Each structure stands twice: as structure tokens, then as C-alpha cells.
Amino acid sequence: VQLQASGGGLVQAGGSLRLSCAASEHTFRGYTVAWFRQAPEKEREFVAGIRWSGGFTYYADSVKGRFSISKDNAKNMVYLQMTSLKPEDTAVYYCTADANVILSNLRRSSAYDWWGRGTQVTVSS
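A. Seen up close, the environment of Arg117. Among the secondary structure elements, Arg117 is positioned in the loop between strand E10 (114–115) and strand E11 (119–124). Take Arg117: its relative accessible area is 71%, and that puts it in the exposed class. In sequence terms Arg117 and Val92 are 25 residues apart; their C-alpha atoms lie 9.2 Å from each other. Here Arg117 is in contact with Leu3, Ala5 and Tyr94, once residues within four sequence places are set aside.

What follows is the structure, given as C-alpha cells:
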């Protein structure tokens, strides 16, 4: 599965961005799709995830209430709507997917086999 993340950019604190994740030559049906992020000199961390079947969503506490993950079945796309952005949200954001993610591992990067190239999000103060 080849994943492509897009939509990053430079935004002022309090602003919004929407990231998109597309899968080429493969459907997300039956997969868990998630966003992780990695800031300089920090470990990659879970941001949000969605189960394609049922649409169940999961969030890191740090983004709950500000970020929203969603999917478009027809377009085979996953989105991360980010609002009320803070400088500490600055990171490279990665889209990832896997068909065999159990709930207890959903927030672990090691649970996912397929990763896209990241997209940079920079929030200025």
C-alpha cells in the first residue's frame, strides 16, 4: 500500500489546516488508518486513528477537541482536520495504515506496516 499525505504548511497559532491521506492502487476497506507526528528530537507519537469499518475514531489527549479525523469512502481518503493549532503541534505528520491493528496497539507506531512520506506542519506563535 502506497500512502500519500498532503496538506501541511505554515500557519499561525490558532489557525487551521486539513491534512489528506490517499492510498494508491489499494482500498482502505478493512484497514485502520492513523496519523502520527514527529517533532525534531522527539519520538513519533500517535495523533488520531480511524477504523474504516464502522468509522470508530481515536485521539491523543493532546489533540482531543481540536483535531478531527474522518474518511471519505467514495474517494478512499482520510482527512485530519486540525483547528486551534498551537506551536507545539509543529511536526512532520505521517499517514499510516494497517489491516491488522488491534485496539490495544492502535496508538503504537509499531502496529502499522504501511507509511507515507510525511507532510510538514509548522505553527508559528
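B. Just the sheet that holds strand E7 (residues 67–72), in detail. Pairing in this open sheet of 4 strands is antiparallel, and the strands run E1-E3-E8-E7 from one edge to the other. Of all the strands in the sheet, just strand E1 (2–6) and E7 have a single pairing partner and so form its edges. Shown here is a sheet whose adjacent strand axes are inclined to one another by a mean of 15 degrees, direction ignored. Summarising the sheet, E1 and strand E3 (residues 17–24) pair through 5 bridges and their orientation is antiparallel. Paired with Leu3 across the strands is Ala23, a residue of E3.

C. Main features of the pairing of E7. Here E7 pairs with strand E8 (residues 77–82) via 6 bridges, running antiparallel. For Ile69, the partnering residue across the bridge sits in E8 and is Leu80. Between E7 and the antiparallel strand that follows it, E8, lie 4 residues; Asn76 among them carries a positive phi value of about 55 degrees.

D. Local environment of the state of the cysteines. Scanning all chains against the criterion turns up 1 disulfide. Paired by a disulfide, Cys21 and Cys95 hold their sulfur atoms 1.7 Å apart. What sets the handedness of the Cys21 and Cys95 disulfide is the S-S torsion sign, and at about -65 degrees it is left-handed. Linking Cys21 in strand E3 with Cys95 in strand E9 (residues 91–98), this pair joins segments that are 74 residues apart in sequence. Cys21 gets classed as buried once you look at its relative accessible area, which sits at 0%.

E. Spatial organisation of unusual backbone geometry. The phi angle at Glu25 is positive, at roughly 60 degrees, despite the residue not being glycine. Mapped onto the fold, Glu25 is located in the loop between E3 and strand E4 (32–38). Residues other than glycine seldom take positive phi values, yet Glu41 does so here, at roughly 65 degrees. Note on placement: Glu41 falls in the loop between E4 and strand E5 (45–51).

F. Main features of the pattern of salt bridges. Applying the stated criterion across every chain, the model contains 4 salt bridges. In this structure, Arg37 and Asp89 form a salt bridge, with 2.9 Å as the shortest nitrogen-oxygen distance. In this pair, Arg37 is assigned in strand E4 and Asp89 in the loop between E8 and E9, connecting sequence segments 52 residues apart. Like Arg37, the residue Asp89 is buried in the burial classification. Through salt bridges that share partners, Arg37, Glu45, Arg66 and Asp89 make up one connected network.

Cut-offs applied
Residues numbered from 1 in each chain as written. Predicted model: local features only at pLDDT ≥ 70, side-chain atom pairs only at ≥ 80, totals over all residues. Heavy atoms only, no water. Helix = DSSP H or I, 4+ residues; strand = E, 2+ residues; numbered from the N terminus. Buried < 20%, exposed > 50% of the residue type's maximum accessible area, 1.4 Å probe, protein only. Contact = heavy atoms within 4.5 Å. Pairing = 2+ DSSP bridges. Axes fitted to C-alpha atoms, helices over the stretch in contact; angles between N-to-C directions. Disulfide = S-S within 2.5 Å. Salt bridge = Lys/Arg side-chain N within 4 Å of Asp/Glu carboxyl O.

Geometry only, nothing functional implied.
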